[in-house]
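So you can see what is in the structure, the chains are spelled out below.
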Amino acid sequence: MKEQVDAVIVAAGSGTRLGASVPKAFVPLCGSPLVSYSYSVFRTHPAIDNIVLVVPQQLIESSNEMFSDPRTMIVAGGKERWESAKNGIEASGADWVLIHDAARPFVSHKVIDSVLSLISNFDCGITATPEVDTIRTYTGNTAGETIDRSKLIRVGTPQLFKRDLLYQLIESAHTLSQIPTDEAMLFQAFGHTIGLAWGDPKNFKITTPEDFEIAEAIIAKNSMFLGR
Ligand code: C5P
């Protein structure tokens, strides 16, 4: 029997760096809420069974109207991203979950296929892109050493996890001396290997108003969401 794969889209952050009056995932991008872009991509991927949308408590009702669909569940997020992810995986009954940031509207079926291909070899996997900038350390206003960028990758989402195991590790996280800041680090802290799938630089995370402008320009140029 085919193993079930659900997408958990975390959209419950406040997005304070953006300075908008609504939570970041609900800021309109070319007329549609930011979260609706990645939602549509997962909703139309043939390997994705259900979608769990994790939203701010105050937007539960409007999200239920906006994303009314038998294969979509809406749940409230938590204070930290990992709490939102936990609430999302609790709502999913799938064998595998793909956790995705709503702040990355340009995820594609190709990137989803890429991370899903890790299922046969790993319990956990991330998508990443090669680092292209020169990266240095710094102290105050002086530059430090250059870090060999051929060893560096930029980590993105979606990230793949065996759901039961992820839940178990989240429950055991308090036993670690240092609390991991994301789910993949949690797997690594408990000795699991993280599989690596190549993503797409277009699947960048929207953080600032300038990122919104870039996203608008990409949509205008590519008409990649024709029919929206
Ligand atoms: O703040 P940042 O852009 O790093 O957040 C990444 C993703 O995690 C966003 O899609 C945001 O909505 C989500 N998030 C969440 N719950 C939080 C914090 C962030 O769902 N408490």
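Residues numbered from 1 in each chain as written. Predicted model: local features only at pLDDT ≥ 70, side-chain atom pairs only at ≥ 80, totals over all residues. Heavy atoms only, no water.

1. Focus: the pairing of strand S1 (residues 5–10)
Okay, step 1: S1 sits mainly inside the fold: 6 of its 6 residues count as buried.
Okay, step 2: Neither face of S1 is open: one carries Val5, Ala7 and Ile9, the other Asp6, Val8 and Val10, and all of them are buried.
Okay, step 3: Pairing geometry for S1 and strand S6 (residues 96–101), over 6 bridges, is parallel. Note that in S6 the partner of Val5 across the bridge is Trp96.
Okay, step 4: The pairing of S1 with strand S4 (residues 51–55) spans 4 bridges and is classified as parallel. Counted as the bridge partner of Ala7 is Ile51 from S4. (Buried < 20%, exposed > 50% of the residue type's maximum accessible area, 1.4 Å probe, protein only. Helix = DSSP H or I, 4+ residues; strand = E, 2+ residues; numbered from the N terminus. Pairing = 2+ DSSP bridges.)

2. Digging into the pattern of salt bridges
Okay, step 1: A complete count under the given rule lists 11 salt bridges for this structure.
Okay, step 2: A salt bridge links Asp69 to Arg43; the shortest N-O distance between them is 2.8 Å. Here Asp69 is found in the loop between helix H2 (60–66) and strand S5 (72–76), whereas its partner Arg43 is found in helix H1 (residues 34–43), with 26 residues between them in sequence.
Okay, step 3: In this structure Arg43 comes out as partly exposed when scored by relative accessible area, which is 23%.
Okay, step 4: Of the charged contacts in the structure, one is a salt bridge between Arg154 and Glu131, with a shortest N-O distance of 3.1 Å. Placement of Arg154 in strand S10 (residues 153–162) and of Glu131 in the loop between strand S7 (124–130) and strand S8 (135–139) is noted, with a sequence separation of 23 residues between them.
Okay, step 5: Its relative accessible area of 41% is what places Arg154 among the partly exposed residues. (Salt bridge = Lys/Arg side-chain N within 4 Å of Asp/Glu carboxyl O.)

3. Focus on the layout of surface pockets
Okay, step 1: Approximately 710 Å³ is the volume attributed to the largest pocket.
Okay, step 2: Taken together, 30 residues make up the lining of the largest pocket; nearest its centre are Gly13, Arg17, Arg81, Asp101 and Lys205.
Okay, step 3: Where the lining of the largest pocket is concerned, the elements lending two or more residues are helix H3 (81–91) and S10.
Okay, step 4: Element by element, the count of residues in the lining of the largest pocket is highest for S10, at 4 residues.
Okay, step 5: Residue composition of the lining of the largest pocket, by class: 10 nonpolar, 10 polar and 10 charged.
Okay, step 6: Reported here for the second largest pocket is a volume of approximately 290 Å³. (1 Å grid on protein atoms, 1.4 Å probe; cavity = no way out; pocket = protein on both sides within 12 Å on 5 of 7 lines; lining within 4 Å. Points joined across faces, edges and corners; volume = space filled by probe spheres on them. Nonpolar A, V, L, I, M, F, W, Y, C, P; charged D, E, K, R; others polar.)

Read these as geometric descriptors, not functional statements.
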